[in-house]
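# Structural characterization, general
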Amino acid sequence: MTVVPQAATLPQAGRIRSTADFYLTTMRLAVQEQFQYRTANYFFMFGMVAEPVIYLVVWTTIADQQGGSVQGFTAGYFAAYYIVWTLVRNMNIVFGAPYWEQRIREGDLAGALVRPLHPLHYDIAYFAGWKVVVIALWIPLAIGLALVFDPTLDPRPLEIAVFAVAIWGAYLLRTMFQSTLGMLCFWTTRGAAIFDLWMTLELLLSGRLVPLPLMPDWVQTISWFLPFQWAFYFPIESLVGDLSDAELARGLAFQLLWILIGLSLFKVAWRSAIRHFSAVGG
Amino acid sequence: MEHAVHISGLEKIFMVPEREAGLVAATKSLVRRQSREVRAVDGISFDIAPGEVVGFLGPNGAGKTTTLKMLSGLLYPTGGEARILGHAPSKREKAFLRRITLVMGNRNQLQWDLPALDSYELNRAIYRIPRADFTPMRDDLIELLDVGDLVRKPVRQLSLGERMKVEIVGALLHRPQVLFLDEPTIGLDVTMQKRIRSFVATYNERHGATVLLTSHYMADVQALCKRVVVIHHGRILFDGPLTGLADQFAAYKTIGVALADGHVDLDRYGEVLHRDGDWVTLRVPKAETSQLTARLLSEQSVLDLRIEDTPIEDVIELVFAQARSE
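Here is what the cut-offs are and how they apply
- Residues numbered from 1 in each chain as written.
- Chains lettered and ligands numbered in written order.
- Predicted model: local features only at pLDDT ≥ 70, side-chain atom pairs only at ≥ 80, totals over all residues.
- Pairing = 2+ DSSP bridges.
- Helix = DSSP H or I, 4+ residues; strand = E, 2+ residues; numbered from the N terminus.
- Axes fitted to C-alpha atoms, helices over the stretch in contact; angles between N-to-C directions.
- Contact = placed C-beta atoms within 7 Å.
- Expected span 1.5 Å × (residues − 1).
- Buried ≥ 20, exposed ≤ 12 C-beta atoms within 10 Å, placed from the backbone.
- Nonpolar A, V, L, I, M, F, W, Y, C, P; charged D, E, K, R; others polar.
- Domains from an automatic or database assignment.
- pLDDT = per-residue confidence, 0-100.

### So, the sheet that holds strand β11 (residues 271-276) of chain B
All names here are of chain B. The strand order across the open sheet built from four strands is β11-β12-β10-β13, with neighbouring strands paired in antiparallel fashion. Edge strands, defined here as strands with exactly one partner in the open sheet, are β11 and β13 (302-309). Going from strand to strand, the sheet's axes swing by 20° on average, the running direction of each strand aside. When strand β10 (residues 252-259) meets β13, the two strands line up antiparallel, connected through seven bridges. If you follow T254 over to β13, its bridge partner there is E308. The strands touched by helix α10 (residues 289-299) within the sheet are β10, β12 (279-285) and β13, with β13 carrying the most contacts at an inclination of about 170°.

Structure (structure tokens):
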């Protein structure tokens, strides 16, 4: 038997530098890919605007009927809330739990697992790149909505800075919980009921449907102990509301806490899911 | 020297749920689920030396892909041991994943909407390849597979064969030392198959990579593999040189003979497989080949004569048929 001498593997770049390189490369790819579909992305965003516009019209009408405000919130506040809502909602779009099933079924996961990088890194990096396109497309849309609905918005520089961080915090927070939920797909192809339940809770307790102060007290209390409001209400409120510096700092801290909780839950679920996948082959 | 691939008593057992068709069976299964044990890989053992190219053959469902998945860390073995370049694949260590590649002929791992060059960039980042090493390696692979024009088109616009070629470039950018190739030429035309075969051979020579190849095309195996491992029902039926496969399993040889009188009855020499003008092809028991050839030469006016081993496709068929009947 002729044995050919083994060639050395290629050298590797340093870990931190190469991780940053991976994120930038993937984000760049996502931007390229999503700009190819800019029209589709725009239609998608237009579709998404329908939801807050309905809420906005309803609350503006109620405010007008009640002498200009609802529980102290003016029509201008509602306009600002729901216009910022459109961006936060877009930032909240992540690699959703149900897509894990597709990833397993179509063999993409197997391809990802033979690479020396956790698929979660790819999801975070790719959707982060997509967000860059989303933000670029959102700006003209927000200007159009502002011209129509006349929002009241007068943020301080600190609030703008916190908002800029908080929308990415919201993105990471939701990524962690959606990915954790997605692990259900390793055991069942009927996870839809649980995903729907989660979405309903999110709709009610996040501030997506209405600003949280308009919800009953007990709902507000419950929402304090759940991650939803930190991915939705807090980022909006950091820009639109009148939060103190301490409240802004506390909001970011809660975001970080929930991101870490979500990451820990994901890690546990992932270990178990991969053990199951390795045992049965998906 | 340490083996590149070492497998000892490797097994994989799946529990497969099953039930009869119909409403009654469906209702029963709610209360009492039935499942069956399937031994996909049943205690196989073999070693592969560094730089060796081995054909891994077997019919559908024989356990080939399951074995490859265990060797690449996708499946956890039920029993036995596997070591690839000293790593236990099931641990899926990054150092291990950087040294192997798994190419599945029916899977696409490139970005569908972007040119392959962009996906190569992503692989560079994932495998942490310094650009100074990446660019020459990429260009070299592109040249070897002659895909310079293809890598600039969105992957979705490529034909199956073109996609496979650019896929292979992407899978080798990190210069893996062990290649698991699962049907890399499936569905490709003959020219494309040849191109991929010669590419794998060149890569093996140039980089000393170890290759474990499954293919239903015997031409792939004949062109690339001196050694084959044949698996059936999860068990190894044969492990040795490709030429030895015919010696062990083919009980016959074929004698092609051109006679001055092509109409002579040759049934007494062997089974007449084919007549084409004066050329007659006979199948004869391997042990009697010399004796029958001598008789033919002495008793008939032979113009030309050729003795051939049974074609490898037929040998493989014989191997599987034999295994089925046992």
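Moving on from the model shown.
### Looking at helix α6 (residues 160-172) of chain B
Residues and elements named next belong to chain B. Taking 1.5 Å of rise per residue, 13 residues should cover 18 Å, and α6 covers 19 Å from first to last C-alpha, within 8% of that figure. Buried residues dominate α6, accounting for ten of its 13 residues. For α6, every residue scored as buried is listed here: E162, M164, K165, V166, E167, I168, V169, G170, A171 and L172. Where α6 is buried, its residues touch β5 (100-104), α4 (116-126), α5 (131-145) and α7 (190-207).

### What to know about the environment of A251(B)
All names here are of chain B. You can see A251 is positioned in the loop between α9 (242-249) and β10. With 101 residues separating them along the chain, A251 and L150 place their C-alpha atoms 47 Å apart. Contacts of A251, omitting those with residues within four sequence positions, involve P285 and K286.

### Re the interface of chain A and chain B
Many descriptions give the size of an interface as the accessible area lost when the pieces come together. The interface is formed by 32 residues belonging to chain A together with 40 residues belonging to chain B. Among the secondary structure elements, those contributing two or more residues to the side of chain A that touches chain B are α1 (15-36), α5 (108-113) and α12 (245-280) of chain A. The biggest single contributor to the side of chain A that touches chain B is α1(A), with nine residues. Looking at the side of chain A that touches chain B, its residues break down into 17 nonpolar, twelve polar and three charged.

### Quick look at the domain arrangement of chain B
One can read the domain layout of chain B as domain 1 (5-246) and domain 2 (251-309). Relative placement of domain 1 of chain B and domain 2 of chain B: their C-alpha centres are 42 Å apart.

### Observations concerning the confidence of the model for chain B
Residue and element names in this part refer to chain B. The pLDDT averaged across chain B works out to 88; a share of 98% of its residues lies at or above 70. Per-element confidence in chain B is highest for strand β4 (residues 79-84), whose mean pLDDT is 95, and lowest for helix α11 (residues 312-325), whose mean pLDDT is 73. Note on the complex model: pTM 0.83, ipTM 0.83.

### Observations regarding the pairing of strand β3 (residues 53-57) of chain B
In summary, the side chains of a regular strand alternate between the two faces of the sheet. Residue and element names in this part refer to chain B. Extensive coverage of β3 is indicated by the burial of five of its five residues. What you see with β3 is no split at all: V53, G55 and L57 on one side and V54 and F56 on the other are buried throughout. For β3 and strand β7 (residues 210-214), the ladder comprises three bridges, and the chain directions are parallel. Bridging from a neighbouring strand, V53 pairs with V211 of β7. In this structure, β3 lies alongside strand β8 (residues 227-232), joined through four bridges in parallel fashion. In the strand pairing of β8, F56 is matched with V229.

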